[in-house]
Amino acid sequence: MCVMHSDEDQPARSRLDELDRRILRLFLDAPHIGVLGASRELGVARGTVTARLARLEQRGVIRTWGPRLDPARMGYPVTAFVTLQVHQTPGHESVSAHLASIPQVIEAHTTTGDGDLLARVVAASNRDLQDVVDAVVAHPNVARASTVIALDERVPARSRELLRD
């Protein structure tokens with residue numbers, strides 16, 4: 001799936017050079033390496049690694065340094081995708097804010113096609129999923145929802161593959 005962005009996003013999308021890709025691959029593979037360890041591993045000055053990381057953060061390439069959590073191992077083994085049709089007159093903002101207020105909604109995107117928003121949700125059980133979906137559709141601007149339960153994760157969320165030459 002190709003995601004389109006506005007022209008104002010252009011600086012964040014500009015191509016990475018080989019050193020940027022090497023730095024990012026290293027931190028993805030060894031997140032605890034630190035700047036000094038990275039500079040030694042890559043054979044470049046510590047200041048170079050620091051400056052490159054700062055630039056990548058400023059450009060939004062690096063979004064976070066936090067750990068990636070596994071909802072299933074945290075007691076939420078059920079994953080589902082909820083497609084929402086939203087009343088167009090008020091817009092998506094209030095629905096998006098509503099979704100953000102529900103802890104089990106771990107991601108949401110505006111989409112094209114039959115639905116207007118796609119939310120990834122997690123739940124402790126199928127019964128709990130019903131409660132989550134009920135909370136999602138409780139917003140007055142949600143016209144309709146369709147839910148698909150994920151049976152298994154075949155390709156986990158990833159970005160490292162984008163660092164190929």
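All residue numbers refer to positions counted from 1 along the written sequence of the respective chain. Restriction of local features to residues with pLDDT of at least 70 applies here, the model being predicted, together with a cutoff of 80 or more for giving and counting side-chain atom pairs; totals for whole chains, interfaces and linings are based on all residues. Note that water and hydrogens are dropped before the side-chain values are worked out from all heavy atoms of the structure.

1. Some thoughts on the overall build of the protein
As a reminder of what qualifies: Helical segments are the DSSP runs of H or I of at least four residues, strand segments are the runs of E of at least two, and each set is numbered from the N terminus. All radius of gyration figures rest on C-alpha atoms, and the globule criterion is 2.2 Å times the number of residues raised to 0.38.
Within the protein, the regular secondary structure consists of six helices and four strands. In sequence order, the protein lays out its α and β elements as α-α-α-α-β-α-β-β-α-β. Scaling as 2.2 N^0.38, a compact globule of 165 residues should have a C-alpha radius of gyration of about 15 Å, whereas the protein reaches 20 Å, well beyond that. Once the C-alpha set of the protein is aligned to its principal axes, its extents read approximately 55 × 40 × 25 Å.

2. Regarding the UniProt feature "domain: HTH asnC-type" (unreviewed entry) in the protein
The condition is simple: UniProt positions are given in the numbering used here, feature names are shortened, and annotations may be inferred rather than shown by experiment.
Those places that UniProt annotates as "domain: HTH asnC-type" (unreviewed entry) correspond, in this numbering, to residues 16–77. Between the C-alpha atoms that bound residues 16–77 there is a distance of 36 Å. The span itself is 55% helix and 0% strand.

3. So, the sheet that holds strand β2 (residues 105–110)
Applied cut-off: Whether two strands pair comes down to DSSP finding at least two bridges between them. Here an axis means a line fitted to C-alpha atoms, over the contact stretch when the element is a helix, while the angle between two N-to-C directions is reported on a 0 to 180 degree scale.
Ordered in space as β2-β3-β1-β4, the four strands form an open sheet in which the pairing is antiparallel. Each edge of the sheet is formed by a strand with only one pairing partner; in this case those strands are β2 and β4 (142–150). Averaged over all neighbouring strand pairs, the angle between strand axes comes to 20°, with direction disregarded.

4. Focus on the pattern of salt bridges
Defined as follows: By convention in these notes, a salt bridge is any Lys or Arg side-chain nitrogen within 4 Å of a carboxyl oxygen on Asp or Glu. The rule is simple: take the accessible area with a 1.4 Å probe, protein chains only, and divide by the maximum for that residue type; under 20% is buried, over 50% is exposed, in between is partly exposed.
Throughout the structure, instances matching the rule amount to 11 salt bridges. For Glu18, the salt bridge is made with Arg21, and the minimal N-O distance between the two is 2.9 Å. Within this pair, Glu18 and its partner Arg21 are both found in helix α2 (residues 18–29), separated by three residues, close to a single helical turn. Since its relative accessible area comes to 33%, Glu18 is described here as partly exposed. The exposure class of Arg21 is buried, given its relative accessible area of 14%. Here Glu107 makes a salt bridge to Arg120, at a shortest N to O gap of 2.9 Å. Here Glu107, found in strand β2, pairs with Arg120, found in strand β3 (residues 117–123); they are 13 residues apart in sequence, far enough to count as distant. Of the residues examined, Glu107 reaches a relative accessible area of 33% and is grouped as partly exposed. Here Arg120 falls in the partly exposed class, since its relative accessible area comes to 26%. Residues joined by salt bridges that share partners form a network here, namely Asp17, Asp20, Arg52 and Arg55.

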